[in-house]
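Letter by letter, the chains look like this.
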Amino acid sequence: MKRFATALILTVALAGVLTGCSDFLDINEDPNSATREQLEQVPENLIPQAAAQLAVNKSIENYYGAIFSQTWAGVGFFGNFTSAGRYNVGGLTFGNTFINNYQDAAGNFTQVIDIAEQAQGDPGAVPYNPTNVRAQAEILRQYTYFYLTSFFGAVPYTEANRVEQFPEPSPDPQEEVLRGIIAELDTAVANIDPAKQGIGGDFFYEGNLDNWERFANTIKLKAYFLLLSGEGSRTGSGVEGALPNENDLQTEIENLIAEGDLIQENSQNFAFPYLDEATQQNPLYGLSVQFSNGENVSWACSQELVNQMLAEGESRDQDPRLRLYCQEDQIAGSDFTGTPPGAGGTGSQPLSNGTIDESVVSDIIHRPEAPEEFATAAEVLLKEAEWAFRNGNRSTARTKLEEGIRLSIEEINGYTNVASPVTEPEINAYLNSLPSAGNLTLEDIQLQQWIDLFERQIDVWNQWRRTKVPDLTPAANAVTDGGVIPRRYNIPQNERSANPNLESRRIETPVWFEGPSANN
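This one's a predicted model, so the numbers in the text were calculated from it and none came from an experiment.

Draft legend 1. View of the overall build of the protein. Along the protein, the regular secondary structure elements total 19 helices and six strands. When each of the 520 residues of the protein is scored for burial, the buried share is 60%. Across the protein, every contact between residues at least 6 apart in sequence was considered, and the portion connecting residues at least 24 apart equals 75%. As presented, the protein carries roughly 19,300 Å² of accessible surface, and 45% of it is formed by carbon and sulfur atoms.

Okay, here's the thing in structure tokens:
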């Protein structure tokens with residue numbers, strides 16, 4: 001892992017992403033010129049750069065998660081994205097995800113933590129609050145590790161980003177990484193002092209440290225649900241989805257939810273803001289600008305997603321989010337046509353010529369200022385619905401399900417370019433068409449979780465791997481062994497060559513949280 005030892009520098013490109021978002025970089029126009037002495041005075045200047053690196057990687061490298069989970073389908077860019085639908089993932093994607101997030105994201109967060117920790121001995125000597133800055137950087141670092149283990153399974157954690165002490169860091173089993181993340185987040189939350197200043201120019205929460213605590217606790221909730229799945233607690237005796245005998249993990253989840261310090265409203269969502277400016281656009285939209293004058297010819301709505309949302313033959317109504325997620329196809333003009341996995345148009349011609357019969361991801365989603373979301377209220381409420389159901393409280397589960405779907409719809413309704421938002425009568429009609437508390441199933445809840453995560457590539461992939469809902473049919477022309485849907489990324493070859501402690505894992509190998517028989 002030689003790249004771990006590379007100097008952790010700030011990139012001009014990432015500064016461009018952030019320039020319009022905050023005043024973090026007032027000390028210099030070129031972030032590469034920041035000296036150690038300057039960073040010791042304002043270490044928070046590293047935070048937007050690391051956050052940008054993480055967000056950009058999430059946005060542009062890892063649309064694969066949505067394609068594997070069949071919410072999206074790759075349909076263009078001269079076959080490149082169609083290839084992704086056949087599970088042909090290039091080594092560059094593995095490398096960018098692994099190296100960039102360890103080196104630029106987690107590495108820079110680690111620098112902030114180290115500098116702030118030193119300043120805690122004499123906080124009056126620096127113009128910032130080192131305790132809060134350290135805690136906020138730690139929250140983001142732990143999210144980065146959560147992101148990495150979601151892709152790769154067992155990854156360096158306890159020895160990560162400590163090059164002098166651990167030049168060849170060993171990976172930790174995924175279960176231990178997830179438990180370590182929870183423990184470190186507990187410490188970070190305990191150290192936050194909402195009465196004092198946090199990081200300057202906070203473009204996430206504008207200095208609201210209570211919301212930072214909510215974000216940290218929501219990361220914990222994500223980790224807990226993967227732990228619950230990995231420990232084989234997805235089934236019980238008697239009631240569908242019921243939990244087995246109570247254990248410490250279940251008590252911790254129950255306490256976290258009962259305390260209520262989670263993201264509960266859309267105003268509390270944690271998202272990286274992109275802007276409708278040339279150098280600060282969402283990178284996926286930027287690809288469309290580069291290759292198709294801003295028109296989406298690369299990503300469509302999957303056949304599975306469209307069919308589930310049309311709900312033909314089901315007791316529930318058509319999901320009103322369908323017209324917000326997807327455009328009507330270019331031939332029928334008033335219908336939605338999903339794309340099967342691994343299929344789709346060539347993308348070599350603009351869709352406006354009316355020759356491609358598929359519903360692409362809508363301009364509401366595929367737009368220059370589309371934020372990169374890390375955690376949302378809808379996700380939390382829908383997880384709370386699942387938790388209530390598993391504990392036998394179907395009435396609460398039905399209420400939380402309704403609240404989560406409503407938040408999901410209201411969030412998209414709030415986007416600036418929604419010409420035809422879902423109306424309140426439409427929301428009520430759809431919610432009323434869902435199964436009553438007495439008829440509700442675990443699959444009903446988990447399907448709604450999958451639909452809600454349409455924009456969230458890694459989260460929807462975690463969701464599907466955790467639940468296997470909906471029951472997906474792999475691409476007929478898949479290149480994986482046995483044609484199976486990919487379950488992980490492989491640690492890049494150059495990192496394994498540099499560090500003998502890292503192992504190769506085939507992308508067909510399930511990660512630990514998929515159940516007791518899965519691998520790390």
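Still more ground to cover, so stick around.
Draft legend 2. Representation of the packing of helix 14 (residues 377-390) against helix 15 (residues 394-413). Following both chains from N to C, one finds helix 14 and helix 15 inclined at 165°, their axes separated by 8 Å at the closest point. Comparing the axis directions of helix 14 and helix 15 gives the class roughly antiparallel. Here helix 14 runs over helix 15; the crossing is left-handed. On the side of helix 14, the interface is formed by Ala377, Ala378, Leu381, Leu382, Glu384, Ala385, Ala388 and Phe389, while helix 15 contributes Arg394, Thr396, Ala397, Lys400, Leu401, Glu403, Gly404, Ile405, Leu407 and Ser408. Along the lines of polarity and charge, the residues of the contact of helix 14 with helix 15 split into 11 nonpolar, three polar and four charged.

Draft legend 3. Representation of the confidence of the model for the protein in the model. Here the protein shows a mean pLDDT of 88. Residues at 70 or above account for 87%. Low pLDDT (under 50) marks residues 234-238, which in the prediction has 12 contacts with non-local residues, meaning those over four places away or in another chain. In the predicted structure, residues 346-355 sits below a pLDDT of 50 and forms 25 contacts with residues beyond four places in sequence or in another chain.

Draft legend 4. Looking closely at the state of the cysteines. Tallied over the entire structure, the rule returns one disulfide. The disulfide that involves Cys301 links it to Cys326, with 2.1 Å between the sulfurs. Classification of the bridge connecting Cys301 and Cys326 rests on its S-S torsion, roughly -110°, and on that basis the disulfide is left-handed. Separated by 25 residues along the polypeptide, Cys301 in strand 5 (residues 299-301) and Cys326 in the loop between helix 13 (322-325) and strand 6 (372-375) bring together distant segments of the chain. Like Cys301, the residue Cys326 is buried in the burial classification.

Draft legend 5. Here's a closer look at empty space enclosed by the protein. Per the stated rule, a full pass over the model turns up five cavities of 30 Å³ or more. There is about 140 Å³ of room inside the largest cavity. Taken together, Trp72, Asn282, Leu284, Tyr285, Ile365, His366, Arg367, Ala370, Pro371, Glu372, Glu455 and Gln457 make up the lining of the largest cavity. Here the lining of the largest cavity is built from residues that sort into six nonpolar, three polar and three charged. Considering only enclosed or pocket space, the second largest cavity measures out at about 100 Å³ in volume. Those elements giving two or more residues to the lining of the second largest cavity turn out to be helix 9 (209-230), helix 14 and helix 18 (457-467). It is helix 18 that provides the largest number of residues to the lining of the second largest cavity, a total of four residues.

Draft legend 6. Structural detail: the nonpolar core. Within the largest apolar cluster, 146 residues are counted, with the highest numbers of intra-cluster contacts made by Trp72, Ile139, Trp212, Phe215, Phe272 and Tyr489. In this structure, Ile139 is in contact with Leu185, Ala188, Ile192, Trp212, Phe215, Ala216 and Ile219, ignoring residues within four places of it in sequence.

Draft legend 7. Quick peek at helix 7 (residues 130-152). For helix 7, spanning 23 residues, the distance from its first C-alpha to its last is 32 Å, which sits close to the expected 33 Å at 1.5 Å a residue. With 21 of 23 residues buried, helix 7 lies mostly within the body of the structure. The residue sitting at the N-terminus of helix 7 and contributing the capping side-chain oxygen is Asn129; that oxygen lies 3.2 Å from the backbone nitrogen of Thr131. Phi for Gly153, located one or two positions after helix 7, is positive at around 80°.

Draft legend 8. Main features of the side chain of Arg141. Here Arg141 is to be found in helix 7. A distance of 2.9 Å separates the side chain of Arg141 from the side chain of Glu138, its partner in a polar contact. When near neighbours in sequence (up to four residues on either side) are disregarded, Arg141 contacts Ala106, Phe109, Thr110, Ile113 and Arg162.

Draft legend 9. Inspection of the packing of aromatic side chains at higher detail. Under the criterion given, the structure shown has 33 aromatic pairs. Both rings, one in Trp72 and one in Trp299, keep their centres 6.3 Å apart while their planes meet at 55°; by these two values the pair is tilted. Linking Trp72 in strand 1 (residues 72-74) with Trp299 in strand 5, this pair joins segments that are 227 residues apart in sequence. Per residue, the accessibility class of Trp72 equals that of Trp299, and both read buried. A cation over an aromatic ring shows up here: Lys58 above the ring of Phe374, its NZ or CZ 4.9 Å from the ring centre. The ring of Trp464 has Lys468 lying over it, and the distance from NZ or CZ to the ring centre is 5.5 Å.

Draft legend 10. Quick look at the pattern of salt bridges. As enumerated under the stated definition, the model contains 27 salt bridges in all. With a shortest N-O distance of 3.0 Å, Asp459 and Lys222 are connected by a salt bridge. You can see Asp459 sitting in helix 18 and its partner Lys222 sitting in helix 9, a full 237 residues away along the chain. Like Asp459, the residue Lys222 is buried in the burial classification. Linking Lys383 and Glu379 is a salt bridge whose minimum nitrogen-to-oxygen distance equals 3.2 Å. Residue Lys383 and its partner Glu379 are located together in helix 14, separated by four residues, close to a single helical turn. On the basis of relative accessibility, which here comes to 8%, the residue Lys383 falls in the buried class. With relative accessibility at 5%, the residue Glu379 sits in the buried group.

Draft legend 11. Layout of unusual backbone geometry. Val469 connects to Pro470 through a cis peptide bond whose omega is 0°. For Pro470, the position within the fold is in the loop between helix 18 and helix 19 (493-498). A positive phi angle, near 70°, is found at Tyr87, a position not held by glycine. Inspection of the secondary structure assignment puts Tyr87 in the loop between helix 5 (80-85) and helix 6 (91-119). Exposure remark for Tyr87: the relative accessible area of 1% places this residue in the buried category.

Draft legend 12. Quick look at the packing of helix 6 against helix 7. Where helix 6 contacts helix 7, the axes come no closer than 9 Å and their chain directions differ by 160°. Judged by the inter-axis angle, helix 6 sits roughly antiparallel to helix 7. When the axes of helix 6 and helix 7 are compared, the crossing they make is left-handed. Along the lines of polarity and charge, the residues of the contact of helix 6 with helix 7 split into 19 nonpolar, four polar and four charged.

Definitions and limits used
Residues numbered from 1 in each chain as written. Predicted model: local features only at pLDDT ≥ 70, side-chain atom pairs only at ≥ 80, totals over all residues. Heavy atoms only, no water. Helix = DSSP H or I, 4+ residues; strand = E, 2+ residues; numbered from the N terminus. Buried < 20%, exposed > 50% of the residue type's maximum accessible area, 1.4 Å probe, protein only. Contact = heavy atoms within 4.5 Å. Areas by Shrake-Rupley, 256 points an atom, 1.4 Å probe, with all protein chains shown as cover. Axes fitted to C-alpha atoms, helices over the stretch in contact; angles between N-to-C directions. Parallel < 35°, antiparallel > 145°, perpendicular 65-115°, else oblique. Left-handed = near helix turned anticlockwise from the far one by under 90°. Nonpolar A, V, L, I, M, F, W, Y, C, P; charged D, E, K, R; others polar. pLDDT = per-residue confidence, 0-100. Disulfide = S-S within 2.5 Å. 1 Å grid on protein atoms, 1.4 Å probe; cavity = no way out; pocket = protein on both sides within 12 Å on 5 of 7 lines; lining within 4 Å. Points joined across faces, edges and corners; volume = space filled by probe spheres on them. Core = buried A, V, L, I, M, F, W, Y, C linked by side-chain atoms within 4.5 Å. Expected span 1.5 Å × (residues − 1). Polar contact = N/O pair within 3.5 Å; in protein donor to acceptor, adjacent residues only side chain to side chain. Phe/Tyr/Trp six-rings, centres within 6.5 Å; stacked < 30°, edge-to-face > 60°. Lys NZ or Arg CZ within 6 Å of the ring centre and 35° of its normal. Salt bridge = Lys/Arg side-chain N within 4 Å of Asp/Glu carboxyl O.

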